[in-house]
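Observations on the model geometry
The residues making up each chain are set out below.
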Amino acid sequence: MSEEVKVQDQEMEKVTGGEGDYRQYAKGSYVDCGDYIVYSVAPGDALSGIAIRFGVSMADIQQWNDIPNPDVIYVGQQLVIYPQYFG
């Protein structure tokens, strides 16, 4: 038997980036290392979606990981991210 959880609209965090929400463009797993996380790029990920998911800018992710072209990331690539908030 499953429990149904109801969430008020104002409690629902729906962040959009392009078409759909961040979940469409940031599907990878991550490891919480305290002050930062290590994110594993998954198929279909986009740097913009990853940035939205963790509340940082694409420019920050590029700088932290020496990414010259934000349109080019690779499946399995490990990205260091210093999120302002995630949970």
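This text gives an overview of the structure that appears in the document.

Parameters at a glance
- Residues numbered from 1 in each chain as written.
- Predicted model: local features only at pLDDT ≥ 70, side-chain atom pairs only at ≥ 80, totals over all residues.
- Heavy atoms only, no water.
- Helix = DSSP H or I, 4+ residues; strand = E, 2+ residues; numbered from the N terminus.
- Buried < 20%, exposed > 50% of the residue type's maximum accessible area, 1.4 Å probe, protein only.
- Contact = heavy atoms within 4.5 Å.
- Areas by Shrake-Rupley, 256 points an atom, 1.4 Å probe, with all protein chains shown as cover.
- Core = buried A, V, L, I, M, F, W, Y, C linked by side-chain atoms within 4.5 Å.
- Pairing = 2+ DSSP bridges.
- Axes fitted to C-alpha atoms, helices over the stretch in contact; angles between N-to-C directions.

Check the secondary structure of the protein chain and you find three helices and three strands. When the 87 residues of the protein chain are sorted by exposure, 29% land in the buried category. Looking at the protein chain alone, contacts between residues at least 24 apart form 48% of all its contacts between residues at least 6 apart. On the protein chain, roughly 6200 Å² of surface is accessible, and the fraction owed to carbon and sulfur atoms is 48%.

This paragraph deals with the side chain of N65. Inspection of the secondary structure puts N65 in helix α3 (residues 58-65). For N65, the residues in contact, after removing those within four places along its chain, are Q78, L79 and V80.

A word on the nonpolar core. Core analysis: the largest hydrophobic core is formed by 14 residues, its most contacted members being Y39, I50, I61, L79 and I81. For this core, the secondary structure elements donating two or more residues are β2 (37-40), α2 (47-54) and β3 (78-81). The dominant element in this core, judged by the number of residues it contributes, is α2, at four residues. Not counting residues up to four positions away in its chain, the partners in contact with I81 are Y36, I37, Y39, I50, F54, V56, I61 and W64.

A few words on the sheet that holds β2. Spatially, three strands are ordered β1-β2-β3 in an open sheet, and the strand pairing comes out antiparallel. Every interior strand has two partners, whereas the edge strands, β1 (30-32) and β3, have only one. Going from strand to strand, the sheet's axes swing by 20 degrees on average, the running direction of each strand aside. Pairing of β1 with β2 involves three bridges; the strand directions are antiparallel. Note that in β2 the partner of Y30 across the bridge is Y39.

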